[in-house]
2 protein chains.
Amino acid sequence: MRGLNSITKSIDKMGNSIWCFENVNLFQILCPHKLKQYQKDHFEGFKKGDVIYFPDDSSRSIFMVSKGKVKIVSYSEDGEEIVKAILGKGEIFGEKALLGEEKRDDYALACTEPTEICPMQLPDMYELMRQNENFGLSIYKLIGFRIKKMERRFEALLHKDVKTRLCEFLKEMADENGIESGSEVIINHFLTQKDFADLIGTKRETVTRLFNELKQDGIINYTRKEIRIRGLEKL
Amino acid sequence: MRGLNSITKSIDKMGNSIWCFENVNLFQILCPHKLKQYQKDHFEGFKKGDVIYFPDDSSRSIFMVSKGKVKIVSYSEDGEEIVKAILGKGEIFGEKALLGEEKRDDYALACTEPTEICPMQLPDMYELMRQNENFGLSIYKLIGFRIKKMERRFEALLHKDVKTRLCEFLKEMADENGIESGSEVIINHFLTQKDFADLIGTKRETVTRLFNELKQDGIINYTRKEIRIRGLEKL
DNA sequence: ACCTTTATGTGATGCAGCTTACATTTTTTG
DNA sequence: CAAAAAATGTAAGCTGCATCACATAAAGGT
């Protein structure tokens, strides 16, 4: 249940998960053991709500989530949350550092506990990209996919009503994280309805109403931990 | 009257405009004469409405506008226009080709007459980027700025009302293309009110109303060719 | 277990901006 | 220059969602 444009997961001979992007094993290249040489202090454990970086921190590193979930957000003047992305294991963030960003312009927050990340200093990153041409290409390709994802959200906001946006968002979640179970697709999640609201650009009350509406119609079954989708095609 | 995050213009000793990005003269590197060696067939002239590339064309080149204006758009299922960018002289488009895009996912349309562009084949581009490290960095930096611009539009759509969005858009235009003239800033433009509507995510009628409202209040003076802003700070 | 905090559920009300429907003006074209 | 097409102006009515105002339920802390 994983679409294109995404990190893919497979199991190696040792029974470990391998996270790949476009056939390049980012996780293996970027993470733990291989990187001991580069990583002096880090490989850190975060608690829920911990800040991984702040706006105006200098963009010296990029990161990969090795455990948990990380939320990238900024805030409008009136304090409204702008959720740019929510990332899980094997996914990369802070990648704008590779595009000449000098200071972060958003927050990276741990939103599960414990959350672990692999940081990678920019110079080391460039070194790795030089050493491994395919890795470098994959990183840039990943940035390309991020742009397209943002463009899709933008388009939805521009021309689609709230219900449509929620349905499309659920479909995307199903595609990226869903587990098929008989006729259903199960999405394990950790989002509050407020989070959904921020992600699709509406208010919490509206999300509540829509989830219950979809439940009435027998299309989904929402709980705090999982969403079971009975009629993916009806969404 | 040109902000950061943008192409800057200056005049060289010969009286020619020089278009720079982050102190790297893209125009000189990418354009006409220097590139004779690379450019076999192109350096083309387009009429208003001509398509420079279609969705699904393979992303083999990136382009720089050398004359006129180019609009990057896609269309939603119901035929609504999604304007991703409008680019003028010295600006680059099709840059997602550098991020591993295989096929274009939008249209590039000439929207002035005549419009001229400098195409650059991807392999040649990579060659140039290898030869000139600063040039390569500038290109990626430019992509970074594009992302931030998109994020700003996204945020505005998410949390700001139509009038605020229009005012911010006008300020951005003033910053990027405005000419100061006494106490006024003059923006020469070529957009219809429908174009404005598509850019800020509203309907044409609403744009008409708002322009007239701003005119009533003595803040702007809208005509089809130019917008004079009397009170930039009041916007 | 109790208390506090955070998340969810649900109605009543309001309004920004979309829709619809034309009128008028400007530009383009034959 | 006339006719057609495109852009702009204006107004009345409607509606999708935000807002407000609570009630209930679940999670977390001590």
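Residues numbered from 1 in each chain as written. Chains lettered and ligands numbered in written order. Predicted model: local features only at pLDDT ≥ 70, side-chain atom pairs only at ≥ 80, totals over all residues. Heavy atoms only, no water.

### Considering the relation of the copies chain B and chain A
By a simple turn and slide, chain B fits onto chain A: the slide is 0.0 Å along the axis, the RMSD is 0.1 Å, and the turn is 180°. Taken together, the rotation angle and the small translation identify this as a two-fold axis. Relative to the rotation axis, the C-alpha of phenylalanine 154 of chain B is the closest in chain B, positioned 3.0 Å from it. Both copies present the same face, since 97% of the interface residues in chain B are matched by interface residues at the equivalent positions in chain A. (Least-squares fit on C-alpha atoms with pLDDT ≥ 70 in both. Contact = heavy atoms within 4.5 Å.)

### Things to note about the protein's contact with DNA strand D
The full set close to DNA strand D counts 17 residues, and Asp161, Thr202 and Thr206 of chain A together with Gln193 and Arg204 of chain B are the nearest of them. Backbone sugar and phosphate groups make up 64% of those atoms of DNA strand D lying within 4 Å of the protein. Within the backbone of glutamine 193 of chain B, one N or O atom sits 2.7 Å away from a phosphate oxygen of DNA strand D. At the level of secondary structure, the elements contributing two or more residues to the surface near DNA strand D comprise helix H6 (204-216) of chain A together with helix H6 (204-216) of chain B. Examining the composition of the surface near DNA strand D, we find that five residues originate from one element, H6 of chain B, more than from any other. (Near = heavy atom within 4 Å. Polar contact = N/O pair within 3.5 Å; in protein donor to acceptor, adjacent residues only side chain to side chain. Helix = DSSP H or I, 4+ residues; strand = E, 2+ residues; numbered from the N terminus.)

### Description of the protein's contact with DNA strand C
Of all residues adjacent to DNA strand C, which total 17 residues, the nearest are Gln193 and Arg204 of chain A together with Val162, Thr202 and Glu205 of chain B. Here DNA strand C approaches the protein such that, of its atoms within 4 Å, sugar and phosphate make up 63%. Separating a phosphate oxygen of DNA strand C from a backbone N or O atom of glutamine 193 of chain A is a distance of 2.7 Å. At five residues, H6 of chain A tops the list of elements feeding residues into the surface near DNA strand C.

### Quick word on helix H3 (residues 133-159) of chain A
Three- or four-residue spacings in an α-helix give side chains the same orientation, since the helix completes a turn every 3.6 residues. Residue and element names in this part refer to chain A. Taking 1.5 Å of rise per residue, the 27 residues of H3 would be expected to cover 39 Å, and the 40 Å separating its terminal C-alpha atoms lies within 8% of that figure. For H3, a buried count of 20 out of 27 residues is recorded, marking the element as mostly surrounded by other parts of the structure. For H3, the side-chain oxygen to backbone nitrogen distance between the N-cap and asparagine 134 is 3.2 Å, and the N-cap itself is asparagine 132. (Expected span 1.5 Å × (residues − 1). Buried < 20%, exposed > 50% of the residue type's maximum accessible area, 1.4 Å probe, protein only.)

### Regarding the interface of chain B and chain A
Contact residues are listed per partner, giving 31 residues for chain B and 30 residues for chain A. At the boundary of chain B with chain A, total buried surface from both sides reaches about 3,000 Å², with 67% on carbon and sulfur atoms. When residues of chain B are sorted by the area they lose upon contact with chain A, Leu99, Phe154 and His159 of chain B head the list and together hold 21% of the total. Inspection of the chain B/chain A interface yields twelve salt bridges. One salt bridge connects lysine 160 of chain A with glutamate 77 of chain B, and the closest N-O pair in it is separated by 3.7 Å. Going through the elements one at a time, strand E7 (81-87) and helix H3 (133-159) of chain B are the ones with two or more residues in the side of chain B that touches chain A. Among the elements that make up the side of chain B that touches chain A, the one with the highest residue count is H3 of chain B (14 residues). (Buried area = accessible area lost by both parts, 1.4 Å probe. Salt bridge = Lys/Arg side-chain N within 4 Å of Asp/Glu carboxyl O.)

### A look at the packing of aromatic side chains
Tallying each qualifying case throughout the model produces 19 aromatic pairs over all chains. Between the aromatic rings of phenylalanine 63 of chain B and phenylalanine 93 of chain B, the centroid separation amounts to 5.0 Å while the plane-to-plane angle is 20°, which identifies the pairing as stacked. Note that phenylalanine 63 of chain B is positioned in strand E5 (residues 61-67) and phenylalanine 93 of chain B in strand E8 (residues 92-93), a separation of 30 residues in sequence. Its relative accessible area of 9% is what places phenylalanine 63 of chain B among the buried residues. Lying across the ring of tyrosine 53 of chain A, arginine 104 of chain A places its NZ or CZ 4.2 Å from the centre. (Phe/Tyr/Trp six-rings, centres within 6.5 Å; stacked < 30°, edge-to-face > 60°. Lys NZ or Arg CZ within 6 Å of the ring centre and 35° of its normal.)

### A few points about the sheet that holds strand E9 (residues 107-110) of chain A
All names here are of chain A. Within the open sheet, the four strands sit side by side as E4-E9-E6-E7. Their pairing is antiparallel. The two strands at the open ends of the sheet, each matched to only one other strand, are strand E4 (51-53) and strand E7 (81-87). The sheet shows a mean angle of 30° between the axes of neighbouring strands, direction not considered. Two elements, E4 and E9, share two bridges in a ladder whose sense is antiparallel. Directly across from tyrosine 53, in E9, lies its bridge partner alanine 108. (Pairing = 2+ DSSP bridges. Axes fitted to C-alpha atoms, helices over the stretch in contact; angles between N-to-C directions.)

### Here we look at the side chain of glutamate 151 of chain B
Looking at where glutamate 151 of chain B falls in the secondary structure, it is placed in helix H3. A polar contact is formed between the side chain of glutamate 151 of chain B and the side chain of lysine 84 of chain A, at a distance of 3.1 Å.

### Notes on the packing of helix H2 (residues 122-131) of chain A against H3 of chain A
Residue and element names in this part refer to chain A. Running from N to C, H2 and H3 cross one another at 120°; their axes reach a closest spacing of 5 Å. As judged from the angle between their axes, H2 and H3 are oblique. Contact with H2, carried on its side by Met125, Tyr126, Leu128, Met129, Arg130 and Gln131, involves Glu133, Phe135, Gly136, Ile139 and Tyr140 of H3 and no other residues of that element. Split by residue class, the contact of H2 with H3 holds seven nonpolar, two polar and two charged. (Parallel < 35°, antiparallel > 145°, perpendicular 65-115°, else oblique. Nonpolar A, V, L, I, M, F, W, Y, C, P; charged D, E, K, R; others polar.)

### Focus on the pairing of E5 of chain B
Successive residues of a regular strand alternate their side chains across the two faces of the sheet. Residue and element names in this part refer to chain B. In terms of residue burial, E5 counts as a mostly covered element, since six of its seven residues are buried. Summarising the sheet, E5 and strand E10 (residues 115-121) pair through six bridges and their orientation is antiparallel. If you follow serine 61 over to E10, its bridge partner there is glutamine 121. In the sheet, E5 pairs with E8 via two bridges, with the strands oriented antiparallel. Bridge pairing links phenylalanine 63 to phenylalanine 93 in E8.

### So, the environment of threonine 202 of chain A
Residue position: threonine 202 of chain A is located in the loop between helix H5 (193-200) and H6. The sequence separation of threonine 202 of chain A and leucine 157 of chain A amounts to 45 residues, and the corresponding C-alpha distance is 9.8 Å.

### Regarding the sheet that holds E7 of chain B
All names here are of chain B. Ordered in space as E4-E9-E6-E7, the four strands form an open sheet in which the pairing is antiparallel. Of all the strands in the sheet, the pair left with one neighbour each is strand E4 (51-53) and E7. Taking each pair of neighbouring strands and ignoring which way they run, the sheet shows an average axis angle of 30°.

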